[in-house]
Every structure is written in structure tokens, then in C-alpha cells.
Amino acid sequence: DVKVTQSSRYLVKRTGEKVFLECVQDMDHENMFWYRQDPGLGLRLIYFSYDVKMKEKGDIPEGYSVSREKKERFSLILESASTNQTSMYLCASKSLETGSNQPQHFGDGTRLSIL
Amino acid sequence: RKEVEQDPGPFNVPEGATVAFNCTYSNSASQSFFWYRQDCRKEPKLLMSVYSSGNEDGRFTAQLNRASQYISLLIRDSKLSDSATYLCVVNQAGTALIFGKGTTLSVSS
């Protein structure tokens, strides 16, 4: 069974702080993703990565950066947290096996509040 | 134009009812399709993939119409535990999955 682990379920930070959200998967998946989910807006893709040291911007990358130094780990960084980044953050991973017809597997999510 | 569109609902049905959700997608190059289920304050979980010929998993049936760019999910004999948000998901080759905003189902006794 695929396991995607996010480092924190709940996190409270202050405006202006640098925030790190960590995600680890144990299935040797090539692709990893960071989303945020807000009421009425659904899941929005922030960044994704096809492989180690590779990253691609998603739909809403502004105010975020990512790091993929190891295949199993994909970190989301809020360089200077702002209140509009209060949200539920979801990490996912996906295998490249047999082409694109593979689902994504999600972590439990991190509820981040910026005060 | 939204890439994946769903009726947000909510759909309120009694136990035992049959309920159907529809979803349309805008990119004809889309190659794979899924339905995910998300419970309140939890992460999305894969419910089922959707195949061109249609597929069934117990009380759940998924259909794909490529010509109309339309996906459906049918739930028969609804249970209380089916109450959740159902996300329609589409993938084009080499890109991230694209999620609809979800359809909320509430099953009552």
C-alpha cells in the first residue's frame, strides 16, 4: 500500500515566517505534487516534480517554492508566510509506470494557519 | 473555461436511492480519468478509475463518453457511509491530474 506522509497535521505560524511543509512517500514514485484546497475553490496545484532536483510550476506558484533533493521527499516552502496562505495543503505522489493512467495518492494533509 | 466541471450539489438522497453524478472536461487530449472520494477534513482517496468501456465496482458504476467529453458515476443502493464529496479527475499525458471542485452527496436515513 502506498504511504504518503506529511510532517504535520496542524500547523500555526506567524505572518512573515518561513514555513516548511515536508512530504515523504515510500513507493519510489517519480512524480510528486503539492496542492492547496480551499472552500469553493477545490484543489489547486502549486508545484510538482517529475524527478529529483526537477520542479515545475503549477497553477498558483506565487509565494511558494519547492525542493526535491531526494526522490522520496518533496518540500513546500512558504518564503514569507501571509494570511492568505492559510489553507489545507495536500501532498500527492504518482508512479510513471505504464504511462499516465496511474492515480495520485495523497497524504493526510496539513492544515496551516497563518496569524 | 473550466477544465473539469461538476455540479457542486449538494445531492440529498435517502438510503437505498440511486444517484448519478456527471462531469465534463474541456481537453479532448485527456487520457485517463478517475473518481476520488473525499470525506470532510480528510484527504482525497481514489474511488475508481474510469475506463473507456465503462466499469463497475460493487454498487459503483463509472462511464466515459469521449465524444461528448463526459464522465459519470452511478451509485446504487446508497448507504449512509457514501456521504462525502466526489471529485472528478482527468489526466493528460505527462501532466498533473486536474481535479473538479467536487459534488457533495448526503445520504440520510
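The structure contained in this document is the topic of the report that follows. Worth saying up front: this structure is predicted, and the values here are computed from it rather than measured.

### Digging into the nonpolar core
Part 1: With 24 residues, the main nonpolar core has F21, W35, I71, L73, I75, Y86 and L105 of chain B as its most contacted residues.
Part 2: Breaking this core down by element, the ones donating at least two residues are β3 (19-25), β4 (32-38), β5 (45-50), β7 (60-65), β8 (70-75), β9 (84-91) and β11 (103-108) of chain B.
Part 3: Core analysis: the second largest hydrophobic core is formed by 20 residues, V4, L11, I60 and A81 of chain A among them.

### A word on the pairing of strand β12 (residues 110-114) of chain A
All names here are of chain A.
Part 1: In β12, alternate side chains face the same way, and those of T110, L112 and I114 are buried while those of R111 and S113 on the opposite face are not.
Part 2: Pairing analysis gives four bridges linking strand β2 (residues 10-13) to β12, with the strands arranged parallel. Counted as the bridge partner of Y10 is R111 from β12.
Part 3: Note that strand β10 (residues 87-94) and β12 share three bridges and pair antiparallel. Along β12, the bridge assignment pairs M88 with R111.

### What about unusual backbone geometry?
Residue and element names in this part refer to chain B.
Part 1: Cis rather than trans, the peptide bond between G9 and P10 has omega equal to 10°.
Part 2: Of note, the phi angle at R41 is positive, near 65°, even though the residue is not glycine.
Part 3: Here R41 is to be found in the loop between β4 and β5.

### Thoughts on the interface of chain B and chain A
Part 1: Counting residues at the interface gives 20 residues for chain B, matched by 22 residues for chain A.
Part 2: Interface of chain B and chain A: buried area, both sides summed, is about 1700 Å²; carbon and sulfur atoms make up 54% of it.
Part 3: Viewed at the interface, chain A and chain B are joined by zero salt bridges.
Part 4: Linking chain B to chain A there are four residue pairs in polar contact (both at pLDDT 80 or more).
Part 5: Of all elements in the fold, only β4 and β9 of chain B reach the threshold of two or more residues within the side of chain B that touches chain A.

### Here's the deal with the packing of aromatic side chains
Residue and element names in this part refer to chain B.
Part 1: Taken as a whole and judged by the stated rule, the model has 13 aromatic pairs over all chains.
Part 2: Between F11 and F21, the ring centres sit 5.2 Å apart and the planes meet at 85°, which makes this aromatic pair edge-to-face. In this pair, F11 is assigned in strand β2 (residues 11-14) and F21 in strand β3, connecting sequence segments 10 residues apart.
Part 3: Classification of F11 as partly exposed rests on a relative accessible area of 24%.
Part 4: Under the relative-accessibility criterion, F21 is labelled buried at 1%.
Part 5: For the pair F21 and Y86, a centre-to-centre distance of 5.3 Å together with 35° between the ring planes defines the contact as tilted. Taken together, the positions of F21 in strand β3 and Y86 in strand β9 put the pair 65 residues apart, joining distant regions of the chain. Take F21 and Y86: they sit in the same class, and that class is buried.

### Concerning the environment of L45 of chain A
Part 1: Mapped onto the elements, L45 of chain A comes out in strand β6 (residues 42-49).
Part 2: Expressed as a C-alpha distance, the spacing of L45 of chain A and I60 of chain A, which sit 15 residues apart in the sequence, is 6.4 Å.
Part 3: In this structure, L45 of chain A is in contact with F33, W34, Y35, G58, D59 and I60 of chain A together with A96 of chain B, ignoring residues within four places of it in sequence.

### Observations concerning the sheet that holds β8 of chain B
Residue and element names in this part refer to chain B.
Part 1: Sheet architecture is open: five strands sit in the order β1-β3-β8-β7-β6, paired in antiparallel fashion. Bordering the open sheet on either side are β1 (4-6) and β6 (55-57), each of which pairs with just one other strand. Pairs of neighbouring strands in the sheet enclose a mean axial angle of 20°, with direction left out of account.

### Brief notes about the environment of F106 of chain A
Part 1: Within the fold, F106 of chain A resides in strand β11 (residues 105-106).
Part 2: F106 of chain A has contacts with V4, Y35, L43, L90, C91 and A92 of chain A together with Y36, E43, P44 and F99 of chain B, leaving out every residue within four places of it along the chain.

Criteria and thresholds
Residues numbered from 1 in each chain as written. Chains lettered and ligands numbered in written order. Predicted model: local features only at pLDDT ≥ 70, side-chain atom pairs only at ≥ 80, totals over all residues. Heavy atoms only, no water. Core = buried A, V, L, I, M, F, W, Y, C linked by side-chain atoms within 4.5 Å. Buried < 20%, exposed > 50% of the residue type's maximum accessible area, 1.4 Å probe, protein only. Helix = DSSP H or I, 4+ residues; strand = E, 2+ residues; numbered from the N terminus. Pairing = 2+ DSSP bridges. Contact = heavy atoms within 4.5 Å. Buried area = accessible area lost by both parts, 1.4 Å probe. Salt bridge = Lys/Arg side-chain N within 4 Å of Asp/Glu carboxyl O. Polar contact = N/O pair within 3.5 Å; in protein donor to acceptor, adjacent residues only side chain to side chain. Phe/Tyr/Trp six-rings, centres within 6.5 Å; stacked < 30°, edge-to-face > 60°. Axes fitted to C-alpha atoms, helices over the stretch in contact; angles between N-to-C directions.

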